[in-house]
Amino acid sequence: MSDVQYLNEFLESEINIDKTRLDRLNSSVSAVMNYVSSSSVFEEIYTGYGTQGSYAHRTIIKPSIKKKEFDADVLVFLTKKDGWEAADYIEEFYKEFRKSGVYREKVKRSTRCITIDYTGEFHIDIVPFFKRFFGNDQIVNKNTSEFESTDSLGYSEWLDEKNSTVGNDYLILTIRLLKYLRNIKQTFSVKSVLLTTMIGNQVKWNDGFFTNFADLPSALRILLGRLDDWLQDNPDMPVISNPVMDEEDFVRHWNQNRYSNFREKIHIYRSWVDEACGEEDEAESIKKWRKIFGEKYAQAALMA
């Protein structure tokens, strides 16, 4: 089917993060972590680092004219230091990076992280993270000076399992497509973790046996269709929790108006995807996919 080829080409040319940017990000993360590990303040409590969010999930997409930068979340694994309160970890990180001529003008503080901002390219959120053998892992809240429970590593494992069930990275690629749709259309607003969770929730435990995710367009159609069905069954904004930590509510920064708009737009885009997948004429199919993803979809085919 031509839409399989064109959709994959569109991902490569317009959506997937390119190797140059990804190499630059990885190099910058390594340099930042080398700076932390060699710091006299942190060397005794630093044990390594990991990733969370889009960086860990492989759902970072290429910057666009409407969203020029991307971000990466890095977890700095630490042991607790005697005499330090939760807020001290943010403050000490901030002071340490302010000492550096390289990072002095790039660093700023946030509630749960410090940010190294590579203006015009990306920013790295550095999150103090405490792995625990019993109970939930912990991050810090600078404003309240409290340790907060988290399970971002468990969330990444959950998404990996869902992606494996669908197969061929089609879940990850579907998430990238929907993030691109959000960024390019700008008709709805939803945080990436919330969008990822809602799509991931549409994967059933037995899909690997009974559902035919034959290709990427099929996966997009099935998962978006299920999401739309669920949204239409829930006119009032439901609770959407972290699938591995029920007490964490992902809709705490959303509201009913934004949810209702998201519900309405997904219903429209679902119908457009159904029409595009069902179109047998190649030229008409391209037009219908361009209605969804814009004029850059299958450009070469229409110019031929």
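The structure under discussion appears in the preceding block.
Anyway, here's the lowdown on the structure attached to this text. (Residues numbered from 1 in each chain as written. Predicted model: local features only at pLDDT ≥ 70, side-chain atom pairs only at ≥ 80, totals over all residues. Heavy atoms only, no water.)

**Some remarks on helix H11 (residues 282-293)**
What counts, and what does not: Each helix corresponds to a stretch of at least 4 residues labelled H or I by DSSP, and each strand to a stretch of at least 2 residues labelled E; elements are numbered beginning at the N terminus. Helix span, as expected, comes to 1.5 Å for every residue beyond the first. Using a 1.4 Å probe on the protein chains alone, a residue whose accessible area is under 20% of its type maximum counts as buried, one over 50% counts as exposed, and one in between counts as partly exposed. Arc definition: directions from the helix axis to the C-beta atoms. Contacts described as polar in this section are N or O atom pairs within 3.5 Å, which, within protein, must combine one atom able to donate a hydrogen with one able to accept it, while residues neighboring in sequence count only if both atoms come from side chains.
Across its twelve residues, H11 extends 16 Å between first and last C-alpha, which sits within 8% of the 16 Å expected from 1.5 Å per residue. Listing the buried residues of H11 in full gives Ser285, Ile286, Trp289, Arg290, Ile292 and Phe293. The arc that holds the buried residues of H11, viewed along the axis, is 155 degrees, so those residues lie on one side. Capping of H11 at its N-terminal end is provided by Asp281; its side-chain oxygen lies 3.3 Å from the backbone amide nitrogen of Ala283. Just beyond H11, the residue with positive phi is Gly294, at close to 100 degrees.

**Side note on the sheet that holds strand E2 (residues 70-78)**
The condition is simple: Two strands form a pair only when DSSP identifies at least two bridges running between them. Interaxial angle, 0 to 180 degrees, is taken between N-to-C directions of lines fitted to C-alpha atoms, where a helix line uses only the stretch in contact. Contacts are assigned to residue pairs that have any heavy atoms within 4.5 Å of one another.
Spatially, the five strands line up as an open sheet ordered E1-E2-E5-E4-E3, and their pairing is mixed. For this open sheet the edge positions go to strand E1 (46-52) and strand E3 (107-109), each flanked by a neighbour on one side alone. In this sheet, neighbouring strand axes are inclined to one another by 25 degrees on average, regardless of whether the strands run parallel or antiparallel. Two elements, strand E4 (residues 114-118) and strand E5 (residues 122-129), share five bridges in a ladder whose sense is antiparallel. If you follow Ile114 over to E5, its bridge partner there is Ile126. This element, helix H2 (residues 19-37), spans E1, E2, E4 and E5 of the sheet and lies at about 40 degrees to E5.

**Examining the nonpolar core**
Defined as follows: To form a nonpolar core, buried Ala, Val, Leu, Ile, Met, Phe, Trp, Tyr and Cys residues must be joined to one another through side-chain atoms within 4.5 Å.
Phe262, Trp289 and Phe293 are the most contacted members of the largest nonpolar core, which has 53 residues in total. Taken together, the elements giving at least two residues each to this core come down to helix H1 (2-15), helix H5 (152-166), helix H6 (170-185), helix H7 (192-200), helix H9 (216-232), helix H10 (256-278) and H11. Sequence-distant contacts of Trp289, that is, excluding residues within four places in its chain, are made with Asp3, Leu7, Pro217, Leu220, Val273, Ala276, Cys277, Gly294 and Tyr297.

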